[in-house]
Amino acid sequence: MATEVEAELLESRLSMEDFMKMQSLFLLSGSSGPSVSMQRAEFVERCCSVIGRGSREEYGHLFDCVDVSREGWVDWERLASFLLLGLFNKEEHARAAAVPRWRPGRTLPTPHRDTIHSIAQLPTSGRYLSVSKEGTLAVWDEKKLTLLRNHRLSNDSVKPKDLWVTGMVVLPNVHKIACSFTSKEICFYDLLSKQEFSLQYKLHGLHYTPISLHYWHHPQRPEHAVLSFGDVGGQVSGVCFRSALISLFERPTAAVEQDSVVSISWAELQQGCHRCCYTVTHTAHTGHWVRTVRFLGSLEAFVSCSSSTETSMVLAWREGETRPLRVATFHTENEITDLDYHPGLNFIATAGENNQVCLWNPYLISKPVGVLRGHVTSVVAVRFMLGKKQLISFSKDKVLRVWDVATQLCVQRIAGIFPKTQECRTLLFFHEERSRLFLSFNSALLLLEAKKESGRRVMSHESAVTCVLYNSLFRQVVSSDASSAVTCWLMDTGQKAKQFHRCHGDAEISTMALDATQTRLFTAGTDGVVKVWDFNGHCHHSLNAGRGLAVEITQILVLKRTVLVLGWERMITVFRLNSFSQFFVQPAEWKGGVQHQDDVVCAAFRSPQTLVTGSSDGEIIVWNNSTENALCKFSSDSTPPQDLESKSDKTLSKTSIANARRPSTNSASKLLALCGEEDSESYGITRLAVVEGRMGAAATGGADLVSCGGSGVVRFWNTISSRLVGEFMAHKDSGSIVLTVDSSGHYLATGDMDGRVKVWDIQDYCLHPTETVTNQAPALLSRLRPHVNCITHLETCVHGDQLFLLSASTDCSLALSFLPGPTIGIFGQEAHWHLGGLGVGLQEKVTEVKSETSRETEESSKVQQSSFCKTENPQSPESAGTDHHTPEEDEDEEKSGTQQPRILCDSAAEQGQDSEDGRGVGLQLSDSKQRPYVNGVQNSSVGTFSELRLEELDTVGELTKPDFVINPHLYFGSMWESSTPTPPPLPEARETGLKAAIDEKSLFPKEVLEQVDRPPGAQHHTQRVSMMRNYGRFISRSLGKPKASTSGVFKAK
């Protein structure tokens, strides 16, 4: 298969000497003054003759790129500016492509029963090791990360039940591991012995218990190595080996058996009894635990950190084997929990209790050279990604951030996939070669593996995009990112219109909302503040949603009289619009009180007064927004719905409010759900959406509410009867998903953590009640992959009588797609798009894949049924998911090279984005009957007659005639055989002259009317009826005769 390779540009092939020659062309001979200018022909001729590299066409193209104003001349200043700008853009693209794309996290089954103290990797075999407090050592396979075996470490000094491991480190150059124990010992286990992990050396007699270990060996001279460790007494020690490849320590006399354990006393090492090594020590952290210690080989220095505020980080270096270590204390004001060192950048990264990550130069101890702000709680661990020059940090609130060290900006943020436990020890281990990140949470072990990058990607923002909205008033798209920037884009071209920086300072913007007039923008930051802006960048109000605390807000709901803020507590935070008279606005009291058992993370509203909220434990509550009373609650765990008592007349106690604002601890089961594990408890809700136009269907038992969560399942609910109507697996093994429903209630769009989007036809889905829960998936209209990483937000919009889908992702891109249909492009790409219609080439492509998508839809439906059968019968081998991919299959997809076609083919080549299943796009562009906005005709089901369904009537089959009609002689006998009596002839029609209007007074006599007008009574009822019947007969006989009636109303002529 032939591939087209883009030719390298001329400026990329020129060397530094070539640029110096080019600069000399613009300078006068022997002069260093201002440069001269040259025209196009002169520039091409002189460059070709002097430099001698490149063709005339390439130099002509370079001249045209520099002379953008077409003035006909260039000078050295213009040329140098163009070259520097091009190099800068190239570096930015390379840095953007280095943002890791993590696969869905998965929990590894561990044999550990207690806290994991260390994770390491064996360079020789590639296997991974983990050791826990009780002494269990687990060995993991390199490729599939399966548990090969586990080994119980032994120590002759203590009994197995009293064994307590505090740390482990790998000695790769000598094929050993070293483990520290609370018995104040360090044991060395051999990896090459016949008996695996056999104890070879034991260093005993330490003054304090060692808790942190580190090993370094010289890359060119592996016989030189250093084992450093810190203890609970604040002492940092190092054992420097002179001939590590021969023997770490001197063995005793030959009388001792070769396989016996060699016991070494710490006092012997300090006295110099072993010539193959010597020790160094300092006690700068006296009285405080040394949490982390590193030996910096390039500086030949020890760096360590502790919980002391005065000596939180200490740098010690050696000036000789016989001289003590010199110590320098860094000037820090807070405790340091962890540190790491990057030898290439010569930076020390520290994790602080003040929610900051600091970058230090070892030669500058007075202040850090960089401060990375963004965490809202204390940082517990930091690790450098050496190859990408990035830094990983993890905070106490279970938020992982990836930082670009050069720009000191956060390029990625991951939250919600880690367990919410109160007390938890977390370790980070990053394997550089395979881009694997291991995180331990007590005895649990979680793996995040980065995908391989393929091609270049267009970036809409500098950091992860968190939210996207459509402003129909200005016909613009509004997006926010993790660097607290808000950007407005032109919908018609996809280009940037305006951008506002640092809207919330250093805090990232988590979500946004527009008011009903589309003139006010509400932004929520992780600092716990909601701000109200106009589109000129002026802030009108600041809402104190977090009450002075830094909290994470997940949704803002702007209603007619109130603003609801959700995300971090079990109670709804409400602001009354009548209190927006000052700049700073304080929250009011929610009358409904605390009803949820976990944090309220999402909500949906249906006019006129129905509010639905969902929590992270899968519970849904329906409220009356006018009275703020909870009506009922239901969840996905098959519990019966509960009717809630009104609490509007009750006053909340201070204790209940305090408990509601305290972080809940009922979300431990969310880890498996968000990591793609199917479990009966994975019911966490991430999005809620009301299906418009289904009030009538909801009254009869149909679904009017949609929810999704961390298990990849979409559920349809009936809010009136509080029951689950239908559910289906939208994204198999993809972790947490998000969704949105268009305003007509026809289309459902879902997005997963791999950047895939699916569009479903739900116009008739769960519209009628059923006795059981529907497990059949709706029709799949399109499958596309506009992003390469986790999708954070989906939004539908109507623009120019067409329906579109907006998608935001953590890969820093913002995409526009037809709904349903293909992806149009990425906001911010070089080539402009035009929304007038689809191109001819794309129409042909759509026609080609129509049949394929229909076949995929049928296969997907079959798989959905089998997947739910698997839920009922886990041992069924036939159940499988639609989107299940192994890491090997994903790599094959990325190597396939098939790119997704877009409206603008030139820009699509720059995207470098794979499509699902390696087939470009699996989509189906619907015709005008399926698209609700085509040619100005809106087939919306919203309005006065929205509950009426206009469709063809069912054909009525042939009716079966009763037997007495077919065989009347069998039933009627002689009556049927006799002649049928002839009916009397009808009276002849005569012309009548109507002189007055016929009413009761003219038709009936006065005495009859008086009798009828009397009050009804039981004794006169029969008499009145008989009188009316007789008079009616008299009237009919009179009208049937040729003479005039007695009343004189009608006269015969």
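Just so we're clear, the structure is a prediction, and the values are computed from it rather than from any experiment.

A.B. asks: Give a detailed account of the overall build of the protein chain, specifying residues and quantitative values.
C.D. replies: Each helix and strand in the protein chain was counted, giving 18 helices and 64 strands. In the protein chain, which comprises 1053 residues, the proportion classed as buried is 51%. Pairs at least 24 apart in sequence give 52% of the contacts found in the protein chain among residues at least 6 apart. Total accessible area computed for the protein chain in this model is approximately 50800 Å², and 52% of it derives from carbon and sulfur atoms.

A.B. asks: Which residues make up the confidence of the model for the protein chain, and what are the values?
C.D. replies: Put simply, the protein chain has an average pLDDT of 77, and 72% of its residues get 70 or more. Low pLDDT (under 50) marks residues 638-681, which in the prediction has 85 contacts with non-local residues, meaning those over four places away or in another chain. Segment residues 860-947: pLDDT under 50, and 198 contacts once partners within four positions in sequence are set aside and those in other chains are kept.

A.B. asks: I'd like to hear about the side chain of Thr 337, residue by residue, with values.
C.D. replies: Along the chain, Thr 337 falls in strand E22 (residues 336-342). Taking relative accessible area as the criterion, Thr 337 reaches 13% and is therefore assigned buried. Among the polar contacts made by the side chain of Thr 337, one reaches the main-chain carbonyl oxygen of Val 379 at a distance of 2.7 Å. Look past the residues within four positions of Thr 337 in its chain and what remains in contact with it is Arg 291, Thr 292, Cys 305, Ala 351, Glu 353, Val 379 and Val 380.

A.B. asks: Would you mind going over the pattern of salt bridges in detail, with residue names and values included?
C.D. replies: All told, the structure shown has 22 salt bridges when counted by the stated rule. The shortest N-O distance in the salt bridge between Asp 506 and Arg 502 comes to 2.9 Å. Because the salt bridges share partners, they merge into one network encompassing Arg 401, Arg 413, Glu 508 and Glu 552.

A.B. asks: Tell me about the side chain of Ser 198, residues and numbers included.
C.D. replies: Tracing the chain through its elements places Ser 198 in strand E12 (residues 198-204). Here Ser 193 takes part through its side chain, which lies 2.7 Å from a polar atom of the side chain of Ser 198. Those residues in contact with Ser 198, other than ones at most four positions away along the chain, are Phe 188, Tyr 189, Asp 190 and Ser 193.

A.B. asks: I'd like to hear about a nonpolar patch on the surface, residue by residue, with values.
C.D. replies: A contiguous nonpolar surface patch, about 620 Å² in accessible area, is contributed by Phe 964, Val 965, Ile 966, Leu 970, Tyr 971 and Phe 972. Elements that contribute at least two residues to the nonpolar patch include exactly helix H13 (963-966) and helix H14 (969-972). Along the polypeptide, Tyr 971 turns up in helix H14. On the accessibility criterion, Tyr 971 (47% relative accessible area) is partly exposed.

A.B. asks: Before we move on, can you summarise the sheet that holds strand E18 (residues 290-296) with the specific residues and values?
C.D. replies: What the four strands build is an open sheet, ordered E18-E19-E20-E21; its pairing is antiparallel. Two strands in the sheet have a free side with no partner beyond their single neighbour: E18 and strand E21 (326-329). The average undirected angle you get between the axes of adjacent strands in this sheet is 20°. Taken together, the six bridges between E18 and strand E19 (residues 301-306) define a ladder with antiparallel strand orientation. Its bridge partner lying in E19, Arg 294 is registered against Val 303.

A.B. asks: Hey, could you go over the sheet that holds strand E5 (residues 116-121) for me, with residue numbers and the actual values?
C.D. replies: In spatial order, the strands read E5-E6-E7-E8; together these four strands make up an open sheet with antiparallel pairing. Every interior strand has two partners, whereas the edge strands, E5 and strand E8 (147-152), have only one. Neighbour-to-neighbour, the strand axes of the sheet open up by a mean angle of 15°, direction not taken into account. Bridge analysis of strand E6 (residues 128-132) against strand E7 (residues 136-140) gives four bridges, and the strand direction is antiparallel. What sits directly across from Ser 130, in E7, is Ala 138.

A.B. asks: Run through the pairing of strand E48 (residues 629-635), naming residues and quoting values.
C.D. replies: Remark: a regular strand shows side chains that alternate across the two faces of the sheet. For E48, the tally of buried residues reaches six of seven residues, placing the bulk of the element in the interior. Across six bridges, strand E47 (residues 619-624) lies against E48 in antiparallel orientation. Across the sheet, Ile 621 pairs through a bridge with Lys 633, a residue of E48.

A.B. asks: Give a detailed account of the packing of aromatic side chains, specifying residues and quantitative values.
C.D. replies: By the definition in use, this model includes 28 aromatic pairs. Feature note: the residues Phe 26, Phe 43, Tyr 59, Phe 63 and Trp 76 constitute an aromatic cluster, connected by ring pairs. Positioned above the aromatic ring of Trp 164 is the side chain of Lys 133, whose terminal nitrogen or guanidinium carbon lies 3.7 Å from the ring centre.

A.B. asks: Provide a residue-level description of the pairing of E5, including the pertinent values.
C.D. replies: Most of E5 is tucked away: six of the six residues are buried. Of the strand pairs in this sheet, E5 and E6 are connected by five bridges, and their pairing is antiparallel. Within E6, the position partnered with Ile 116 by the bridge is Ser 132. Linking E5 to E6, which pair antiparallel, is a turn of six residues; within it Gly 126 sits at a positive phi near 80°.

A.B. asks: Any details on the environment of Thr 322? Residues and values, ideally.
C.D. replies: As for its position among the elements, Thr 322 is in the loop between strand E20 (313-317) and E21. When the C-alpha atoms of Thr 322 and Thr 279 are compared, they prove to be 9.6 Å apart, with 43 residues separating the residues in sequence.

A.B. asks: Hey, could you go over the packing of helix H3 (residues 40-50) against helix H4 (residues 56-66) for me, with residue numbers and the actual values?
C.D. replies: Look at H3 against H4: their axes get within 9 Å of each other, and the N-to-C directions meet at 135°. Considering their axes alone, H3 and H4 lie oblique with respect to each other. In terms of crossing hand, the pair formed by H3 and H4 is right-handed. Of the residues in H4, those in contact with Arg 40, Phe 43, Val 44, Glu 45, Cys 47 and Cys 48 of H3 are Arg 56, Tyr 59, Gly 60, His 61, Leu 62, Phe 63 and Asp 64. Taken together, the residues of the contact of H3 with H4 sort by class into seven nonpolar, two polar and four charged.

A.B. asks: Describe the nonpolar core, with residues and values.
C.D. replies: Membership of the largest hydrophobic core comes to 25 residues, with the highest contact counts inside it found for Phe 188, Phe 241, Leu 248 and Phe 249. For this core, the elements supplying multiple residues, two or more each, are strand E9 (165-171), strand E11 (185-190), E12, strand E13 (210-217), strand E14 (225-231), strand E15 (236-241), strand E16 (262-265) and helix H6 (266-271). It is E14 that provides the largest number of residues to this core, a total of three residues. Beyond its immediate chain neighbours, meaning those up to four positions away, Phe 249 contacts Phe 188, Tyr 201, Val 239, Phe 241, Ile 264, Leu 269, His 274, Cys 276 and Cys 277. The next biggest cluster of nonpolar side chains, apart from the first, holds 22 residues, and it includes Ile 392, Leu 400, Val 411 and Ile 417.

A.B. asks: Requested: an account of the state of the cysteines, with residues and values cited.
C.D. replies: Within the structure shown, the criterion is met by zero disulfides. Cysteine Cys 539 is unpaired, with the sulfur of Cys 503 as its nearest cysteine sulfur at 8.9 Å. Under the relative-accessibility criterion, Cys 539 is labelled buried at 17%. A disulfide-free cysteine, Cys 708 has its sulfur positioned 7.9 Å from the sulfur of Cys 602, the nearest such atom.

A.B. asks: Would you mind going over the environment of His 431 in detail, with residue names and values included?
C.D. replies: You can see His 431 is positioned in strand E30 (residues 426-431). Separated by 310 residues in sequence, His 431 and Gln 121 have C-alpha atoms that sit 7.7 Å apart. If we skip the residues at most four places from it in the chain, His 431 touches Gln 121, Tyr 128 and Arg 436. A polar contact of 2.6 Å, which involves the side chain of His 431, links it to the side chain of Tyr 128.

Cut-offs and rules
- Residues numbered from 1 in each chain as written.
- Predicted model: local features only at pLDDT ≥ 70, side-chain atom pairs only at ≥ 80, totals over all residues.
- Heavy atoms only, no water.
- Helix = DSSP H or I, 4+ residues; strand = E, 2+ residues; numbered from the N terminus.
- Buried < 20%, exposed > 50% of the residue type's maximum accessible area, 1.4 Å probe, protein only.
- Contact = heavy atoms within 4.5 Å.
- Areas by Shrake-Rupley, 256 points an atom, 1.4 Å probe, with all protein chains shown as cover.
- pLDDT = per-residue confidence, 0-100.
- Polar contact = N/O pair within 3.5 Å; in protein donor to acceptor, adjacent residues only side chain to side chain.
- Salt bridge = Lys/Arg side-chain N within 4 Å of Asp/Glu carboxyl O.
- Patch = residues over 30% accessible without salt bridge, like charges linked within 9 Å, V, L, I, M, F, W, Y side chains within 5 Å.
- Pairing = 2+ DSSP bridges.
- Axes fitted to C-alpha atoms, helices over the stretch in contact; angles between N-to-C directions.
- Phe/Tyr/Trp six-rings, centres within 6.5 Å; stacked < 30°, edge-to-face > 60°.
- Lys NZ or Arg CZ within 6 Å of the ring centre and 35° of its normal.
- Parallel < 35°, antiparallel > 145°, perpendicular 65-115°, else oblique.
- Left-handed = near helix turned anticlockwise from the far one by under 90°.
- Nonpolar A, V, L, I, M, F, W, Y, C, P; charged D, E, K, R; others polar.
- Core = buried A, V, L, I, M, F, W, Y, C linked by side-chain atoms within 4.5 Å.
- Disulfide = S-S within 2.5 Å.

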